[in-house]
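This is what each chain is made of:
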Amino acid sequence: MKTEKNILIAFLLNMAFSLFELIGGIFTNSVAIISDALHDFGDSISIGLSYFLEKKSKKKPDNNYTYGYRRYSILGAFITNTILVIGSVLVIINAVKRIINPVEINYDGMIIFAIFGVIVNFLAAYFTKEGNSLNQKAVNLHMLEDVLGWVVVLVGSILIKFLKINVIDSIMSIGVAIFILTHAIKSFKSILDLFLVKTPNGINIEELKEHLQEIENVKDVHHIHVWSMDGFNNYATMHIVTDSEDTKHLKNEIKEELKEYGINHITIEFEEIGYVCNEIECTIEEHNHHGHHHHHH
C-alpha cells in the first residue's frame, strides 16, 4: 500500500517539523513562521487522520458497509480541509493584529529557518505526489502549499533584511492563508457533491442515455442513477426496455459503454416492451398527465 506508507512518512516529517517551526517562530518573532507552524501542525494532524481513514477506506465491503469503506477516504479529506480553514482564519486574524502593532523581527533566523522549511517540505511533497484518492490529493496539496509557503517566507525574510519593512511578514502570512482557503473551499465543493449524491463530474446523463439507446435491441432506458463513492469509483443503476431474448449479450454491451464513463459497478433491470414501470421516478413527465384523472370517485 504505497499511498498509506507515503502518508505516514509525510505525517512524521510534518509533525517533527511543525514543532521545530514553532520554536523557530517564537525565536525569530515572525508571525509568518508561527502561522506556518500552526498550519503545518494542523496538516500533520489531518495527515495522521488521513492515514487511518485511507487505510480503512481500502477495506473490502462487508455486511455493515455493503458499499465498502471508500467514503472514509472522503471523511479524511473533509476533516483535513476543515482544519485548514480554521487554521487559515486564525492566521489572518493574527497577521492583522501584527499589522496594527508591529514588532521587531529576527530576519537572519528567519532566512535560515526558511531554507530548512523549503527542503523538508519539498521532501514531504515528493513522498506524497503519487496516489489518486481525493484524500491523497488533499494531503499532497498541503505539501505543495507548505513548499510554497516557505519559498514565500524565504523571499520575504530576505526583503525584510534589506528593506527593513517588518509588515512584509504579516502580509506574506495573509497571502499564504488566502491561498489555502480558496483551495480548501474548492475541495469542500467536491466533497459536498459526493455527499449529496450529485452526478459525477464529466458524466452527462442525457448523452449517456442517447448512447445506450443506440445499442441494438435497447428500446428505452429510464430510471438512470449514477453516483460516486469517492470521486473515482462510479456506480450506476438503470432499467432497460428490450425485446431481445439474449440479455446476456446485451448486458455486456451496456457495461462496455458505461466503462467509458468510468462506471464500473452497474445494476441493470431488464423490462419487456409492454411492461408498465410503477416506480415513481420512472416516468416523471407522464405522472403529470395522470394526476388529473384521479379526482373522480
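Residues numbered from 1 in each chain as written. Predicted model: local features only at pLDDT ≥ 70, side-chain atom pairs only at ≥ 80, totals over all residues. Heavy atoms only, no water.

Draft legend 1. Main features of the packing of aromatic side chains. With the rule as written, the count across this model stands at 11 aromatic pairs. Taken together, a centroid distance of 5.5 Å and an interplanar angle of 75 degrees make the contact between F78 and F188 edge-to-face. Residue F78 is located in helix α3 (residues 71-100), and its partner F188 is located in helix α6 (residues 167-195); the two are separated by 110 residues in the primary sequence. For F78, a relative accessible area of 36% gives the class partly exposed. An aromatic cluster is present here, built from F17, F20, F113, F116 and W150 joined pairwise through their rings. (Phe/Tyr/Trp six-rings, centres within 6.5 Å; stacked < 30°, edge-to-face > 60°. Helix = DSSP H or I, 4+ residues; strand = E, 2+ residues; numbered from the N terminus. Buried < 20%, exposed > 50% of the residue type's maximum accessible area, 1.4 Å probe, protein only.)

Draft legend 2. Summary view of the packing of helix α2 (residues 31-57) against α6. Contact geometry of α2 with α6 gives a least axis separation of 8 Å together with a crossing angle of 25 degrees. As summarised for this structure, α2 and α6 are arranged roughly parallel, according to the angle between their axes. Between α2, through V31, A32, S35, D36 and H39, and α6, the contact on the second element is made entirely by D169, S170, M172, S173, V176 and I180. (Axes fitted to C-alpha atoms, helices over the stretch in contact; angles between N-to-C directions. Parallel < 35°, antiparallel > 145°, perpendicular 65-115°, else oblique. Contact = heavy atoms within 4.5 Å.)

Draft legend 3. Up close: α2. Between its first and last C-alpha atoms α2 spans 37 Å; for 27 residues at 1.5 Å apiece the expected length is 39 Å, and the two agree. The buried count for α2 comes to 19 of 27 residues, which makes it a mostly enclosed element. (Expected span 1.5 Å × (residues − 1).)

Draft legend 4. How the structure looks around the pairing of strand β3 (residues 263-271). As judged from the 8 bridges shared by strand β2 (residues 234-242) and β3, these two strands associate in the parallel manner. Counted as the bridge partner of Y235 is H265 from β3. Handedness of the crossover is the feature at issue here: the chain leaves β2, passes through helix α8 (residues 247-259), returns alongside β3, and the resulting connection is right-handed. (Pairing = 2+ DSSP bridges. Right-handed = clockwise from strand over helix to strand, strands pointing away.)

Draft legend 5. Local environment of a negative patch on the surface. There is a patch of like negative charges on the surface, built from E206, E207, E210 and E214. Accessibility expressed as a relative area gives 34% for E207, which makes it partly exposed. (Patch = residues over 30% accessible without salt bridge, like charges linked within 9 Å, V, L, I, M, F, W, Y side chains within 5 Å. Areas by Shrake-Rupley, 256 points an atom, 1.4 Å probe, with all protein chains shown as cover. Salt bridge = Lys/Arg side-chain N within 4 Å of Asp/Glu carboxyl O. Lys, Arg positive; Asp, Glu negative; His and termini not counted. Charge placed at Lys NZ, Arg CZ, Asp CG, Glu CD.)

Draft legend 6. Inspection of the sheet that holds β3 at higher detail. Pairing within the open sheet is mixed, and its 3 strands lie in the order β1-β2-β3. Two strands lie at the open edges of the sheet, namely β1 (218-228) and β3, each paired on one side alone. Between one strand axis and the next, the sheet turns by 20 degrees as a mean value, whatever way the strands run. Inspection of the sheet shows β1 paired to β2 by 8 bridges, in the antiparallel sense. Considered in β2, the bridge of W227 is made with Y235. Packed onto the sheet, helix α7 (residues 205-213) meets β1, β2 and β3 and runs at close to 140 degrees relative to β1.

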